[in-house]
Amino acid sequence: MAEGHIVVLGAPAPAGFCAALWAAAGHLVTWIAPPDWQAAYLRDGVHLTDHSGLDARVGADTLACTTSPEILSQAAMIVVLSATPEACALLRAAETEPATAPASRGAAAPVLLFHAGPAVSMADGPYDPRPSCVPSAEGVLPWQVEVRQQAGPLRLHRCGSGPLLVSEAAGAMARELDVPCLETTTHRDIPGLLWGLRLAELLRINAGEAEAPDLPEHPQALLQEALGTLAQAGIRPCLPGGVPFALRVGLWRSRLLPASWRDGLARPHWPGPLGDQRAAAIETMLAQLLRMGRRHGVEMPETSAWIDRRRQRAPLGAER
């Protein structure tokens with residue numbers, strides 16, 4: 001179908017899932033996978049499923065799989081499904097090694113980075129994999145992919161639904177990646193959407209839906225500080241459908257709405273981490289906001305105090 005070679009890497013489960021569907025639709029695709037994933041895939045292939053009835057098997061005759069970054073030199077497009085440290089290291093190494101530098105018809109291959117969860121670092125984090133000289137675009141993966149145990153092929157199960165969302169500037173890339181069972185479309189404000197989905201974690205705590213140790217006791221104060229910092233940075237958080245996040249918070253706080261409607265406003269649009277992972281994800285998000293606030297001269301005393309208290313009780317091993 002497509003003329004160019006698509007190289008896919010990142011978190012193994014979503015990368016393998018999407019790479020397999022793109023390859024099954026006729027694209028020339030290579031998946032860069034960890035050694036254990038590559039061995040399992042080359043032996044048995046992958047089995048793709050979801051709640052809507054997807055049931056597809058893809059093998060090495062359809063989708064190429066390697067562990068080597070050298071394939072990046074043949075890429076017309078590079079797609080990163082979640083900015084894992086390993087994916088970032090591969091791309092940054094490729095930028096400095098002429099033998100593996102990605103190129104498309106003599107020009108640098110664009111890198112499309114899909115954020116795949118509420119704790120994924122934003123572009124100011126240490127795991128932004130985009131080489132400085134490469135034209136890039138961002139997107140949102142609005143669901144998760146689970147590995148389910150079974151004999152034979154790796155079973156990759158999609159949890160959730162909805163299209164892949166790509167920034168409007170990458171409309172041509174979105175059209176190329178739009179295939180059966182993996183709809184891809186554009187969104188006018190990816191940064192706003194990313195922050196809206198992240199802040200939804202705090203709204204869930206407000207609604208009493210998130211129960212885990214070390215969660216903020218007063219998330220409303222953290223929400224207000226976050227919205228103030230983002231406003232100063234020129235970012236307007238929103239949620240799928242374009243609803244501004246501040247409006248959603250206002251509606252949730254309104255006592256004029258029935259309780260069932262208010263609870264519905266707090267339900268997440270993006271599957272989040274559970275248990276202690278949720279507290280760590282919120283800490284990572286708030287730490288990013290704190291850095292943003294310092295750059296823009298915005299004080300965030302409640303946010304800073306909660307991060308300090310949490311780190312004194314259970315220090316985060318590595319900042320994302």
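Once a new chain begins, its residue numbering starts again from 1 and follows that chain's sequence as written. For this predicted model, a pLDDT threshold of at least 70 governs which residues receive local features, and a threshold of 80 or more governs which side-chain atom pairs are given and counted, while totals over whole chains, interfaces and linings are taken from all residues. Hydrogens and water are ignored here; the side-chain numbers use all heavy atoms of the structure.

Chemist: Before we go on, may I ask you to explain the overall build of the chain in this structure?
Modeler: The way it works is that DSSP assigns letters per residue, a run of H or I at least four long becomes a helix, a run of E at least two long becomes a strand, and they are numbered from the N terminus. Counting its secondary structure elements, the chain contains ten helices and 14 strands. For every residue, the accessible area obtained with a 1.4 Å probe (protein chains only) is divided by the maximum for its type, and the residue is called buried under 20%, exposed over 50%, and partly exposed between those limits. Relative to its full complement of 320 residues, the chain shows a buried share of 52%. Contacts are assigned to residue pairs that have any heavy atoms within 4.5 Å of one another. Once local pairs closer than 6 in sequence are excluded, the contacts in the chain between residues at least 24 apart make up 70%. Of the accessible surface of the chain, which amounts to about 14100 Å², a share of 52% is contributed by carbon and sulfur atoms. All accessibility values rest on the Shrake-Rupley procedure with a 1.4 Å probe; residue burial counts only the protein chains present in the view.

Chemist: Got a minute to help me understand the sheet that holds strand E12 (residues 184-187) in this structure?
Modeler: Strands in a sheet are paired, the pairing made by backbone hydrogen bonds, and the direction either parallel or antiparallel. Two strands qualify as a pair provided that DSSP identifies no fewer than 2 bridges between them. As summarised here, the arrangement of the eight strands in space is E5-E2-E1-E6-E7-E8-E11-E12, forming an open sheet in which the pairing is mixed. Every interior strand has two partners, whereas the edge strands, strand E5 (64-66) and E12, have only one. On average, each strand axis in the sheet is tilted by 25 degrees relative to the strand beside it, whichever way the strands run. Bridge count between strand E2 (residues 28-32) and E5: three bridges; the pairing is parallel. Within E5, the residue paired with Ile 32 across the bridge is Thr 66. Lines fitted to C-alpha atoms define the axes here, with helix axes fitted over just the stretch in contact, and angles between the N-to-C directions of these axes take values from 0 to 180 degrees. Set on the sheet, helix H1 (residues 12-24) makes contact with strand E1 (5-10), E2, strand E6 (77-81) and strand E11 (164-167); between it and E2 the angle comes to about 165 degrees.

Chemist: Even after reading the chapter, I still don't get helix H6 (residues 219-232), so can you show me in this structure?
Modeler: Because the α-helix completes a turn every 3.6 residues, residues three or four places apart line up on one side. Taking 1.5 Å of rise per residue, 14 residues should cover 20 Å, and H6 covers 20 Å from first to last C-alpha, within 8% of that figure. Among all positions in H6, only Pro 219, Gln 220, Leu 222, Leu 223, Glu 225, Ala 226, Leu 227, Thr 229 and Leu 230 are buried. Given the number of residues in a helix, its expected span is that number minus one, multiplied by 1.5 Å.

Chemist: How should the environment of Thr 185 be read in this particular structure?
Modeler: Note that Thr 185 resides in strand E12. Separated by 18 residues in the primary sequence, Thr 185 and Ser 167 place their C-alpha atoms 8.6 Å from one another. Those residues within four positions of Thr 185 in sequence are excluded, and the remaining contacts are Pro 163, Leu 164, Leu 165, Val 166 and Ala 174.

Chemist: What exactly am I supposed to notice about the environment of Thr 66 here?
Modeler: Relative to the assigned elements, Thr 66 resides in strand E5. The spacing of Thr 66 and Trp 37 is 29 residues in sequence and 9.7 Å in space, taken between C-alpha atoms. The contact partners of Thr 66, leaving out residues within four places of it in the chain, are Thr 30, Trp 31, Ile 32, Ala 33, Gln 38 and Ile 71.

Chemist: When you look at the packing of aromatic side chains in this model, what are you seeing that I'm missing?
Modeler: Aromatic ring pairs are reported here in terms of the distance separating the ring centres and the angle at which the planes meet. A pair of aromatic rings is counted whenever rings of Phe, Tyr or Trp (Trp by its six-membered ring) have centres within 6.5 Å, and the orientation is called stacked for planes under 30 degrees apart, edge-to-face for over 60 and tilted otherwise. Throughout the structure, instances matching the rule amount to three aromatic pairs. Each ring, one from Phe 17 and one from Trp 143, has its centre 5.7 Å from the other, and the planes form 65 degrees; the classification is edge-to-face. Of this pair, Phe 17 sits in helix H1 while Trp 143 sits in the loop between strand E8 (136-140) and strand E9 (144-148); the two residues are 126 residues apart in sequence, bridging distant segments of the chain. For the residue pair Phe 17 and Trp 143, the accessibility class agrees, reading buried in each case. Between Trp 31 and Trp 37, the ring centres sit 6.2 Å apart and the planes meet at 75 degrees, which makes this aromatic pair edge-to-face. Residue Trp 31 is classed as buried on the basis of its relative accessible area, which comes to 0%. Judged by its relative accessible area of 16%, Trp 37 is buried.

Chemist: Looking at this structure, I do not really get the packing of H6 against helix H10 (residues 301-313). What am I missing?
Modeler: What describes two packed helices is the angle between their axes and the distance between those same axes. Where H6 meets H10, the axes come as close as 8 Å, and the angle between the chain directions of the two elements is 125 degrees. With respect to each other, H6 and H10 are oriented oblique. Crossing of H6 over H10 shows left-handed handedness. Contact residues: H6 offers Ala 221, Leu 222 and Glu 225, while H10 offers Pro 301, Glu 302 and Thr 303. Counted by class, the contact of H6 with H10 contains three nonpolar, one polar and two charged residues. Each angle is binned into one of four classes, with values under 35 degrees roughly parallel, values over 145 roughly antiparallel, values of 65 to 115 roughly perpendicular, and all other values oblique. Should the near helix be turned anticlockwise from the far one by less than a right angle, the crossing is left-handed, and should it be turned clockwise, the crossing is right-handed. Gly falls in the polar group here, along with every residue not listed as nonpolar (Ala, Val, Leu, Ile, Met, Phe, Trp, Tyr, Cys, Pro) or charged (Asp, Glu, Lys, Arg).

Chemist: In this structure, what is going on with the sheet that holds strand E4 (residues 55-58)? I would like to understand it.
Modeler: A sheet is described by the order of its strands in space; here four strands give the open sequence E4-E3-E10-E9, paired in mixed fashion. Taken across any chain shown, the strands that pair with only one partner, and hence form the sheet edges, are E4 and E9. Taking each pair of neighbouring strands and ignoring which way they run, the sheet shows an average axis angle of 25 degrees. In the sheet, E9 pairs with strand E10 (residues 154-159) via five bridges, with the strands oriented antiparallel. Bridging from a neighbouring strand, Val 145 pairs with Arg 158 of E10. Of the strands in this sheet, strand E3 (46-50), E4, E9 and E10 are in contact with H1, which crosses E3 at around 95 degrees. Against the sheet, helix H2 (residues 35-44) contacts E3, E4, E9 and E10, and its axis sits at roughly 105 degrees relative to E10.

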